[in-house]
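Structural characterization, general
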Amino acid sequence: MSSGAVTAARATGPADVEIVQRAREGDHEAFRVLVERYQSRAYRLALRVLRDEEQARDAVQDAFLKAYGSLDRFQGRSGFYTWLYRIVMNQCLDRKRRDKSDRELEWDDVTAARAARTPAAGSFEGEGAGPAPDVAAERGELRQVLEKAIAELPDDARRTIELREIDGLSYREIAEALGVPKGTVMSRLHYARRRLQESLRSAGIDPLAEGAGETA
């Protein structure tokens, strides 16, 4: 989801800080609004980290329970999802430490394309229309290259580019979520995108060509 889409989604209802305040005052239904607003993003995050659907669901459930019990600690200096991100990530890392098995889950075409800033490869066709066979083959090749390249990124760089390109967080929100300076976020993104471009070139794909290049 892009930053604009996230902003639009938030604009359809009360602000997060207002909902949190209502929940603090005993409105149990208020927190349900936050769950419905962010559970899909939280699940996608957990799934990327844990590579296991059941564990991801459990991690998100535990994260929301922990968030509900810790609402008094949310000061509103950062966005609610930025705060929730840290809780979800900690739940996931705790599970990874308890379970060292390396489960694999293939990313879908849209996720992989967004992660490498390849909008044409991740764009949707018209209603009911599918891509031409040659286009589908190219997308499949691109997906495989990107999956491998993303998986090989150092953890810090991979999480940073996922937060930017998949979750749609701003540089400031990423810095708050990861607890690093904004300059570090920019440096990690530059490094990750350069590595992805190098992987595309090594596979014979021009990252600056239409459908494969980085966008601003």
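Residues numbered from 1 in each chain as written. Predicted model: local features only at pLDDT ≥ 70, side-chain atom pairs only at ≥ 80, totals over all residues. Heavy atoms only, no water.

**Some words on the overall build of the protein chain**
Spelled out, the test is: Working definition: helices are DSSP H or I runs of at least four residues, strands are E runs of at least two. Numbering for both runs from the N terminus. Burial status follows relative accessibility: with a 1.4 Å probe on protein chains alone, a residue under 20% of its type maximum counts as buried, one over 50% as exposed, and anything between as partly exposed. Here, two residues are considered to be in contact whenever any of their heavy atoms come within 4.5 Å of each other.
On a plain count of helices and strands, the protein chain comes out with eleven helices and zero strands. In sequence order, the secondary structure elements of the protein chain are arranged as α-α-α-α-α-α-α-α-α-α-α. Within the protein chain, the fraction of its 216 residues that count as buried is 42%. Considering only contacts within the protein chain whose residues lie at least 6 apart along the sequence, 67% involve residues at least 24 apart.

**Regarding the packing of helix α2 (residues 16-24) against helix α3 (residues 28-50)**
Each pair of packed helices can be summarised by the angle the axes make with each other and by the distance between the axes. Convention followed: Working convention: axes come from line fits to C-alpha atoms, limited for helices to the stretch in contact. Angles between N-to-C directions cover 0 to 180 degrees. Here is the rule for angles: anything less than 35 degrees is roughly parallel, anything more than 145 is roughly antiparallel, 65 through 115 is roughly perpendicular, and the remaining ranges are oblique. In this classification, Asp, Glu, Lys and Arg are treated as charged, Ala, Val, Leu, Ile, Met, Phe, Trp, Tyr, Cys and Pro as nonpolar, and every other residue, Gly included, as polar.
As a packed pair, α2 and α3 sit with axes 7 Å apart at the nearest point and diverge in direction by 140°. By the angle between their axes, α2 is oblique relative to α3. Contact residues: α2 offers D16, I19, V20, R22 and A23, while α3 offers A30, F31, V33, L34, R37 and Y38. In terms of residue class, the contact of α2 with α3 is made up of eight nonpolar, no polar and three charged.

**Points about the confidence of the model for the protein chain**
Operational definition: What pLDDT conveys is the predictor's confidence in a given residue, as a value from 0 to 100.
This prediction gives the protein chain a mean pLDDT of 75; 70% of its residues lie at or above 70. Least confident of the elements in the protein chain is helix α7 (residues 119-122), whose mean pLDDT is 35; most confident is helix α4 (residues 53-69), at 92. Note that residues 1-11 has pLDDT below 50 and, in this model, 16 contacts with residues that lie over four places away or in other chains. Per-residue pLDDT stays below 50 along residues 101-129; that stretch engages in 61 contacts with residues further than four places along the chain or on separate chains.

**Looking at the pattern of salt bridges**
This is how the line gets drawn: Any carboxyl oxygen of Asp or Glu within 4 Å of a side-chain nitrogen of Lys or Arg constitutes a salt bridge here.
By the definition in use, this model includes eleven salt bridges. Between D156 and R188 there is a salt bridge, with the nearest N and O atoms lying 3.5 Å from each other. Linking D156 in helix α9 (residues 155-165) with R188 in helix α11 (residues 182-202), this pair joins segments that are 32 residues apart in sequence. You can call R188 buried: its relative accessible area is 17%. The shortest N-O distance in the salt bridge between E162 and R158 comes to 4.0 Å. Here E162 pairs with R158, and both are found in helix α9, just four residues apart, close to one helical turn.

**A few points about α3**
We count it as follows: The seven residues ending at a residue and the seven starting there each receive a fitted axis; the angle between those axes is the bend at that residue. Here a polar contact means two N or O atoms within 3.5 Å. Within protein one must be a hydrogen donor candidate and the other an acceptor candidate, and residues neighboring in sequence count only if both atoms are side-chain atoms.
In α3, a bend of some 50° at Y38 exceeds every other bend along the element. At the N-terminal end of α3, a side-chain oxygen is found 3.1 Å from the backbone nitrogen of E29, two or three residues along, and the residue is D27. Phi turns positive one or two residues past the end of α3, at R51, with a value near 55°.

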